[in-house]
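# A closer look at the structure
Residues per chain are reported as follows:
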Amino acid sequence: MLIGNVGQDPDVRYVDTDVAVATLTLATTERGYKLQNGTEVPAKTDWHNLVFWRGLAKVVEQYVRKGDKIYVDGKIRTRSYDDKQGTRRYITEVLVENLEMLSAKNGVATEGKVSDNGAETAL
């Protein structure tokens, strides 16, 4: 489960006639704080690679933009690939199963929940 800000507009591709896949990055930040002895602990931001499939990818394509605040939950997957130089690279992604949009659009607060299994679909 992650809550954060979208770092880029979604990159959407169609792998089959009507099978969409969307990818984007999500920034999550732990707030900085001050210890009792006065030591400052700075804020820390982590970046996550998100992958959305099928109907969820289409919703992301239509409604999610850079800077939006979203909640997602899903499964973590690590995969490997060989880059152009032949070096083995590893990437960890979150395969998103549920999405909730938390940002206000055009000054109006919206709450949208979408599930990959189609159980909840309200925007």
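Residues numbered from 1 in each chain as written. Predicted model: local features only at pLDDT ≥ 70, side-chain atom pairs only at ≥ 80, totals over all residues. Heavy atoms only, no water.

## Quick look at the pattern of salt bridges
Any two side chains of opposite charge can pair, on the condition that their charged atoms come close. For the record, the criterion: For this document, the term salt bridge refers to a Lys or Arg side-chain nitrogen within 4 Å of an Asp or Glu carboxyl oxygen. For the purposes of this entry, the term helix denotes a DSSP run of H or I that reaches at least four residues, the term strand denotes a run of E that reaches at least two, and both are numbered from the N terminus. Burial classes: relative accessible area under 20% of the type maximum marks a residue as buried, over 50% as exposed, and values in between as partly exposed (1.4 Å probe, protein chains only).
Under the counting rule described, the total for this entry stands at nine salt bridges. The partner of K58 in a salt bridge is D18, with the nearest N and O atoms 2.6 Å apart. Here K58, found in helix α1 (residues 54–63), pairs with D18, found in the loop between β2 (11–16) and β3 (19–30); they are 40 residues apart in sequence, far enough to count as distant. Between R89 and D83 there is a salt bridge whose closest N-O contact spans 3.0 Å. What makes D83 buried here is its relative accessible area of 17%.

## Focus on the side chain of D68
Rules: N or O atoms closer than or at 3.5 Å make up a polar contact, with two conditions inside protein: a donor-capable atom paired with an acceptor-capable one, and, for residues adjacent in sequence, both atoms drawn from side chains.
As for its position among the elements, D68 is in the loop between α1 and β7 (69–82). In this structure the side chain of D68 is engaged in a polar contact, spanning 2.8 Å, whose partner is the backbone nitrogen of R65.

## Thoughts on the nonpolar core
Operational definition: The nonpolar core is taken to be a set of buried Ala, Val, Leu, Ile, Met, Phe, Trp, Tyr and Cys residues, with the residues joined through side-chain atoms within 4.5 Å.
In terms of nonpolar packing, the biggest core is built from 19 residues, with L50, F52, I70, V72 and L99 touching the most fellow members. For this core, the secondary structure elements donating two or more residues are β1 (2–6), β3, β6 (44–53), α1, β7 and β8 (88–101).

## Side note on the side chain of D73
How we decide: Contact criterion: two residues are considered in contact whenever any of their non-hydrogen atoms come within 4.5 Å of each other.
Within the fold, D73 resides in strand β7. Of note is the side chain of D73, whose polar atom sits 2.9 Å from the side chain of N98. Excluding anything up to four places from it in sequence, D73 contacts M1, L95, V96, E97 and N98.

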